Amino acid sequence: MSASGNRTAANEPAAELQAVRVRYGAVEALKGIDLSIERGRITVLLGPNGAGKTSAVRLMLGLIPPHSGRVLVFGHNARDAVAKRRVGAMMQVAKVPESLRVTEHIDTFRAYYPKPLDRASLIEAAGLKGLERRLFGNLSGGEKQRVLFALALAGDPDLLFLDEPTVGMDVETRRSFWKNVRALRENGRAVLLTTHYLEEADALADRVVVLHQGRIVADATPDRIKQTVSRRRIRCVTSLELTDVRAIAAVDSAERDGEVTTILTPSAEGVVRTLLLRDGSLHHLEVAGAALEDAFIELTSDALEVA
Amino acid sequence: MTSGTFSAVLVSETRSEILKVIRVPAFLIPIIGFPAMFYALFGLLMFGGSGGAAGLQMPTYLLASYGTFGVVGAALFGMGVGVAVERGQGWLTLKSATPMPPLAYFGAKMLVSMIFGVIITLILCTLGTLFGGVSMSATTWLLLLLVLTVGAVPFCALGCALGYLAGPNSAPAIANMIYLPMSFLSGLWIPVEFMPKALQSVAVFMPPYHISRLALAAVGVKTNVLLHAGALVGFTAVFLALAVLAYRRDDGRTWG
């Protein structure tokens, strides 16, 4: 992969949304958001369905115009070919033409760009060695995702969009995919990822942006976001009835999976004290900070809409 | 060829289109097979020995009709159904995120539709020459081929509009609903001269009718070439405008 991260000033944002609103009929998908995507970082966009993630991505890919506000990619209107030449996108496609070979798909996309990566590097980068002559329709789900990754890299992009990229990949393929994405970041590229796997967001993100009901409700590193959640997670094996555990003061929720009881609470010390007093046989006690998933749920619950 | 230019994309898209079509021959059966079958059945078997209309033998007359029928079908299905399917399945969306010039994409689909139009015409001509006693000069053949190829243009535009207005599943049905009645009313199955007066007056409003009249002019029938060519230019303008509107609507540019 050629080092082209310095084509423009390194501090220039890769993409910017400025006071952007998007409306579909009566529904406002984005309610005036500002967002700047930096280079050399992996930014993860999170949000429940309908939060406005898809609209934000479609704007930056130049697929739709905003109703108001500006969408810039490397300083150009995202709808212009000049902007699109520096962008690569991996999106969910219901059906890719199946009767073309892997290399034929790659060459078709390479032709769109003035300075495409050569075919061999793309095959190598996407892990498609040995599959070059295969028809797309004869690939497995994970292999198809890898072809889409190669297509996203075809133009040697400075800004890469990855929309649910690891769907259909097995654990090993997913790990090696993550390695490739991190390598792109080291190379100075901006990466914007949307995913439903919060574990993936936690593993990859330098920055997490949480969208909820068309607004940005959080924007920080994964660790900072997890800290904003006051609740902690207690796990233990206890002989107490679940209903009794739930009745303890400050317990938000308690679930039992097999032997293990998981409790979410803002006051871990108090709850642990009560548990130990009532159940002398309690064992396997663990107290941990909330996972990104808990933070996500808290941030996007409607009770916190004031944000 | 320099990568990233319009012509480079046009060439590579055209190559992909051709590969896709020849690897899934099922697509070719209705597009190439039906006009050839109809011409063989009606032009050769049924009316092969009979005197036709407009002073021509039936095999020659129906060469113009079924040639038009084939070319229109290749354009409507190749262009319309092709675009509707790729748009509906998100493939065109992925391409739209790249700097691919949209006109190169449509141009490639149009070129391939026209190539199929030429193949259909050549097959009909071969059938006519071998089994229908059709005998024409090389210039006449070329002129017929030219008329039919250029005649595909308005239907490529209509196909493009259809591709943006119809969903991937409904597109083939809608294309047939346009194609088959329009072909009948244009006199592509039964010569207009044999139709009741009321239907004959409807034919004038059918774009394929005008192509078939120009095709007949190419094989030596006296027709008002300017009138039919003018009508086709008009239809092309209308279909193009429809295609542009449909494209802009889909592209989110015509919002309030």
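Definitions and cut-offs
Residues numbered from 1 in each chain as written. Chains lettered and ligands numbered in written order. Predicted model: local features only at pLDDT ≥ 70, side-chain atom pairs only at ≥ 80, totals over all residues. Heavy atoms only, no water. Pairing = 2+ DSSP bridges. Helix = DSSP H or I, 4+ residues; strand = E, 2+ residues; numbered from the N terminus. Axes fitted to C-alpha atoms, helices over the stretch in contact; angles between N-to-C directions. Contact = heavy atoms within 4.5 Å. Buried area = accessible area lost by both parts, 1.4 Å probe. Salt bridge = Lys/Arg side-chain N within 4 Å of Asp/Glu carboxyl O. Nonpolar A, V, L, I, M, F, W, Y, C, P; charged D, E, K, R; others polar. Parallel < 35°, antiparallel > 145°, perpendicular 65-115°, else oblique. Left-handed = near helix turned anticlockwise from the far one by under 90°. Domains from an automatic or database assignment. Phe/Tyr/Trp six-rings, centres within 6.5 Å; stacked < 30°, edge-to-face > 60°. Buried < 20%, exposed > 50% of the residue type's maximum accessible area, 1.4 Å probe, protein only. Lys NZ or Arg CZ within 6 Å of the ring centre and 35° of its normal.

Participant: Help me understand the sheet that holds strand β7 (residues 159-163) of chain A in this model?
Facilitator: One key point about sheets: their strands pair by backbone hydrogen bonds, in either a parallel or an antiparallel sense. Residue and element names in this part refer to chain A. Spatial strand order, β6-β7-β8-β3-β9-β10: six strands in an open sheet with mixed pairing. On the outer flanks of this sheet lie β6 (87-90) and β10 (215-220), each paired with one strand and no other. Direction aside, the axes of adjacent strands within the sheet are offset by 15° on average. Here β6 runs beside β7; their pairing, made up of four bridges, is parallel. Residue pairing in the sheet places Gly-88 in a bridge with Leu-160 of β7.

Participant: Quick question: what am I supposed to make of the interface of chain A and chain B here?
Facilitator: How big an interface is tends to be stated in terms of accessible area lost as the parts join. With 36 residues of chain A in contact, the opposing surface of chain B contributes 28 residues. Taken together, both faces of the contact between chain A and chain B bury some 2,700 Å²; the carbon and sulfur share is 64%. Between Glu-104 of chain A and Arg-23 of chain B there is a salt bridge, with its nearest N and O atoms 2.8 Å apart. Taken together, the elements giving at least two residues each to the side of chain A that touches chain B come down to β1 (15-24), α2 (81-84), α3 (102-110) and α5 (141-153) of chain A. Ranked by the residues each element gives to the side of chain A that touches chain B, the list is headed by α3 of chain A, at six residues. Taken together, the residues of the side of chain A that touches chain B sort by class into 22 nonpolar, four polar and 10 charged.

Participant: Hey, could you run me through the sheet that holds strand β13 (residues 260-265) of chain A in this one?
Facilitator: Residues and elements named next belong to chain A. Strand order in the open sheet formed by four strands is β12-β13-β11-β14, with antiparallel pairing between adjacent strands. Where the open sheet ends on each side, the last strands, each with one partner, are β12 (253-257) and β14 (283-289). Within this sheet the neighbouring strands show an average axis-to-axis angle of 15°, counted without direction. Sheet analysis places β12 next to β13, joined by five bridges and oriented antiparallel.

Participant: Looking at this model, I keep getting lost on the packing of α3 of chain A against helix α1 (residues 6-23) of chain B. Mind explaining?
Facilitator: Working note: a packed helix pair is described by the angle between its axes plus the distance between those axes. At a minimum axis distance of 9 Å, the contact between α3 of chain A and α1 of chain B shows a crossing angle of 155°. On the basis of their axis angle, the class for α3 of chain A and α1 of chain B is roughly antiparallel. α1 of chain B is crossed by α3 of chain A, and the crossing has left-handed handedness. Along the contact surface, α3 of chain A presents Glu-104, Asp-107 and Thr-108 of chain A, while α1 of chain B presents Ser-12, Glu-13, Arg-15, Ser-16, Leu-19 and Arg-23 of chain B. Here the residues of the contact of α3 of chain A with α1 of chain B are counted per class, giving one nonpolar, three polar and five charged.

Participant: It is not clear to me how the environment of Ala-64 of chain B should be interpreted in this structure. Could you clarify?
Facilitator: All names here are of chain B. The residue Ala-64 is located in helix α3 (residues 58-88) in this model. For the pair Ala-64 and Leu-148, spaced 84 residues apart in sequence, the C-alpha separation works out to 8.4 Å. Contacts of Ala-64, omitting those with residues within four sequence positions, involve Leu-148, Ser-212, Ala-215 and Leu-216.

Participant: What is the right way to read the domain arrangement of chain A from this model?
Facilitator: Here chain A is described as being made up of domain 1 (5-221) and domain 2 (230-289). One C-alpha centre belongs to domain 1 of chain A, the other to domain 2 of chain A, and the line joining them spans 41 Å.

Participant: Would you mind showing me how to read the packing of aromatic side chains here?
Facilitator: How two aromatic rings sit relative to each other is set out by the distance from centre to centre and by the angle between their planes. Applying the stated criterion across every chain yields a total of 20 aromatic pairs over all chains. For the pair Phe-109 of chain A and Trp-91 of chain B, a centre-to-centre distance of 5.6 Å together with 45° between the ring planes defines the contact as tilted. Here the residue Phe-109 of chain A occupies a position in helix α3, and Trp-91 of chain B occupies one in helix α4 (residues 91-96), the pair thus bridging two chains. When sorted by exposure, Phe-109 of chain A lands in the same class as Trp-91 of chain B, which is buried. Ring plane angle 70° and centroid distance 5.3 Å describe the contact between Tyr-105 of chain B and Phe-106 of chain B, whose orientation is recorded as edge-to-face. Aromatic rings pair up to connect Phe-34, Phe-38, Phe-42, Tyr-66, Phe-69, Phe-77, Tyr-179, Phe-184 and Trp-189 of chain B into one cluster. In this structure, Arg-86 of chain A is placed above the aromatic ring of Phe-74 of chain A, and the distance from its NZ or CZ to the ring centre is 3.9 Å. When the ring centre of Tyr-197 of chain A is taken as origin, the NZ or CZ atom of Arg-174 of chain A, which lies over that ring, is 4.3 Å away.

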